[in-house]
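A look at the structure
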2 protein chains.
Amino acid sequence: MCASIRRASRTLTQIYDQALRPLGLRATQFTVLQALSIAGEVLQGDLGQMLAMDSTTLTRTLEILSRHGWIDKRTGEDLRERRIRLSKAGQLQFEKAVPLWEKAQASLRRKLGEGQWNALLKFTNEITNLIKE
Amino acid sequence: MCASIRRASRTLTQIYDQALRPLGLRATQFTVLQALSIAGEVLQGDLGQMLAMDSTTLTRTLEILSRHGWIDKRTGEDLRERRIRLSKAGQLQFEKAVPLWEKAQASLRRKLGEGQWNALLKFTNEITNLIKE
DNA sequence: CGACGATAGATGCATATGCATCTATCGGGA
DNA sequence: TCCCGATAGATGCATATGCATCTATCGTCG
């Protein structure tokens, strides 16, 4: 099962990466931009929680986004915290990426069919929740 | 969708990696050993085909397995080819890993339920096949 | 106020992943 | 025979991933 999901994950990632390649954006990075676009300014920790992503992984992805100038970081009163949000450039990059992402998403959805699509979303979420128990 | 599958893949990988940690074996590596155990001696390219794994990724995973002495490599008549098979130590390592893997697998299967389990396997395989078209 | 455990991230290290490109070898035609 | 396109892997580079561990800061308790 692990092998099956990893294989599917690799395949899918290749599809989305390819769609986003014109922008030099990876699927993972798009996901982070999207989360930021929805959440506004958030603590790095909360962002990790949202994406079920290890905080150390997030640190490095944010480093990349930061290098491209797509996010702003600042500390609040608690100097340990990092508050993250999209920069102007990040907002723009995200908006440019959305159509490409939509296109890949729609094509995949068509190929899988509505039923499988929804079932798959449900099951993957269930797996993600498993680990919390 | 890509984010969902990647998230599930991360979660699942953590579960399997943790189960195999006593042996210092990663889920990916176990998958390769398993494939070799089933296939016997195979061309590196065929192995990649089997696992739907990029050949460059496979090269490095095999490098790790080789470093541990778990596989043997040799060339056939065609000097470009690499023929891979489990070594004695690799066979042993695989046999030690199977029970740990089974345990993780069974636990997960119980939590998901038979129906979801099978559906998930089916869907992930379908996604993997999508890219071939 | 000062020491101490708790918390938020960062860093070192190893592996996983794939694209672009390179090297070695093979097989077939001129 | 020699050259040339095709094929099997290997390598450089960048990112993704997570464990163990470290650092800085916070809150609290004596």
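A brief look at the structure comes next.

Calculation rules
- Residues numbered from 1 in each chain as written.
- Chains lettered and ligands numbered in written order.
- Predicted model: local features only at pLDDT ≥ 70, side-chain atom pairs only at ≥ 80, totals over all residues.
- Heavy atoms only, no water.
- Pairing = 2+ DSSP bridges.
- Helix = DSSP H or I, 4+ residues; strand = E, 2+ residues; numbered from the N terminus.
- Contact = heavy atoms within 4.5 Å.
- Axes fitted to C-alpha atoms, helices over the stretch in contact; angles between N-to-C directions.
- Buried area = accessible area lost by both parts, 1.4 Å probe.
- Salt bridge = Lys/Arg side-chain N within 4 Å of Asp/Glu carboxyl O.
- Polar contact = N/O pair within 3.5 Å; in protein donor to acceptor, adjacent residues only side chain to side chain.
- Nonpolar A, V, L, I, M, F, W, Y, C, P; charged D, E, K, R; others polar.

**A closer look at the sheet that holds strand β2 (residues 71–74) of chain B**
Residue and element names in this part refer to chain B.
- The strand order across the open sheet built from three strands is β1-β3-β2, with neighbouring strands paired in antiparallel fashion. What marks the edges here is a single partner per strand, and that holds for β1 (42–43) and β2.
- Alignment of β1 against strand β3 (residues 83–86), held across two bridges, turns out to be antiparallel. In the strand pairing of β3, V42 is matched with I84.
- Contacting β1, β2 and β3, helix α2 (residues 27–39) crosses the sheet at an angle of about 95 degrees to β3.

**Let's talk about the sheet that holds strand β1 (residues 42–43) of chain A**
- The strand order across the open sheet formed by three strands is β1-β3-β2 (chain A), and the pairing between neighbours is antiparallel. Each of the sheet's edge strands pairs with one partner strand only, and the pair in question is β1 and β2 (71–74) of chain A.

**A word on the interface of chain B and chain A**
- The interface is formed by 40 residues belonging to chain B together with 40 residues belonging to chain A.
- Counting each side, the surface lost to burial between chain B and chain A is near 4100 Å², with a carbon and sulfur contribution of 70%.
- If you look at where chain B meets chain A, you find zero salt bridges.
- Where chain B packs against chain A, one counts twelve residue pairs in polar contact (both at pLDDT 80 or more).
- Counting residues per element, the ones that place at least two in the side of chain B that touches chain A are α1 (2–20), α2, α5 (88–112) and α6 (114–130) of chain B.
- Per-element tally for the side of chain B that touches chain A: the top contributor is α1(B), with 15 residues.
- Residues belonging to the side of chain B that touches chain A are distributed by class as follows: 22 nonpolar, twelve polar and six charged.

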